[in-house]
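Next come the chains, spelled out residue by residue.
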Amino acid sequence: MPHIQKAVIPAAGFGTRLLPATKSQCKEMLPVGRKPAIQYVVEELHAAGIHQILIVTSQQKRTIEDHFDVDPLLTRRLERSGDSVEVLRHLEMDIQLLYTRQTNPQGLADAIGLAEPFVDGQPFIVCLGDAIIHSDVTGSLLKRLARTHAETDASAVIAFREVPPADVVKYGIASPRGEPGSRFEVADLVEKPSEDEAPSNLAVTARYVFCAEIFDYIRETP
């Protein structure tokens, strides 16, 4: 992973769009198969070579910390009963997980802003904790973003995907500068435009690389 050693996972949102499933369970811990959503995200970062992750949580997100904490009692119980401990292999990943709280819910940029001391002036990855990315090789998208950052020295590198025109109202949509290819410059981002006003059908896809200067812009943004 060129030049990038740290990642931030914002996971402090209320998850109101998924109610009632998120009334007593945070959205990042909702199961997809046999694993909670956020475990896929951590495993994706690990596969991409990231070993330091800051998870931004809130008062309602203690289960995230519990999930990634070693539980010797549970491990011994599984071993005594003959059950496989493979289901807990996520606890053996070579990753340092740190946590901070977004006490006042002031949006995604504010949550990322809390990571400034952790980032310490370095470029970093942001992965939203409730968004699972499937790749043929786990972590390959993040490696592509990191390579693009290293080759272009861009302040921000953002992953996009094509969505049906009728779905642009659900996403932040890119206004490309010039004809978009697999890599393109972004002239603007339009948040949840109507189908008629959308500059493209390229939707922001919950994976980013930022330079530390992003924190200056977060401070300046109302």
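Here the structure is shown first, and the text comes after it.
Residues numbered from 1 in each chain as written. Predicted model: local features only at pLDDT ≥ 70, side-chain atom pairs only at ≥ 80, totals over all residues. Heavy atoms only, no water.

Participant: Would you mind going over the overall build of the protein with me for this structure?
Facilitator: Within the protein one finds 7 helices and 10 strands. For 222 residues, the compact-globule estimate of 2.2 N^0.38 gives 17 Å, and the protein sits close to it at 18 Å. The dimensions of the protein, computed from C-alpha atoms along their principal axes, are 60 × 40 × 35 Å. By residue count, 38% of the 222 residues in the protein fall in the buried class. (Helix = DSSP H or I, 4+ residues; strand = E, 2+ residues; numbered from the N terminus. Rg over C-alpha atoms; globule rule 2.2 N^0.38 Å. Buried < 20%, exposed > 50% of the residue type's maximum accessible area, 1.4 Å probe, protein only.)

Participant: Whenever I open this one, the packing of aromatic side chains confuses me. Can you help?
Facilitator: For any two aromatic rings, the description comes down to two numbers: the centre-to-centre distance and the angle of the planes. A complete count under the given rule lists 4 aromatic pairs for this structure. Aromatic side chains F124 and F215 sit 5.5 Å apart centroid to centroid with 5° between the ring planes, which places their arrangement in the stacked category. Pair noted here: F124 is in strand β6 (residues 124-127) and F215 is in helix α7 (residues 214-220), with a separation of 91 residues, a long-range link. F124 gets classed as buried once you look at its relative accessible area, which sits at 0%. (Phe/Tyr/Trp six-rings, centres within 6.5 Å; stacked < 30°, edge-to-face > 60°.)

Participant: Just to check I follow, could you spell out unusual backbone geometry for this structure?
Facilitator: Note: most residues except glycine have negative phi, and most peptide bonds are trans. The phi dihedral of D153 is positive, around 55°, even though this residue is not glycine. Topologically, D153 is positioned in the loop between α6 (140-152) and β7 (156-162). Even without a glycine there, the phi angle at A206 is positive, about 65°. Residue placement: A206 occurs in strand β10 (residues 202-210). For A206, a relative accessible area of 10% translates into the label buried.

Participant: For this particular structure, what's the right way to read the nonpolar core?
Facilitator: Soluble globular proteins: nonpolar side chains tend toward being buried together. Counting residues in each nonpolar core, the largest one holds 27 residues, and the members touching the most others are I9, I38, L45, I53, I64 and I125. Beyond its immediate chain neighbours, meaning those up to four positions away, I53 contacts A7, I9, V42, L45, I95, Q96, L97, L98 and F118. In terms of nonpolar packing, the next biggest core, distinct from the first, is built from 21 residues, V56, A131, V204 and F215 among them. (Core = buried A, V, L, I, M, F, W, Y, C linked by side-chain atoms within 4.5 Å. Contact = heavy atoms within 4.5 Å.)

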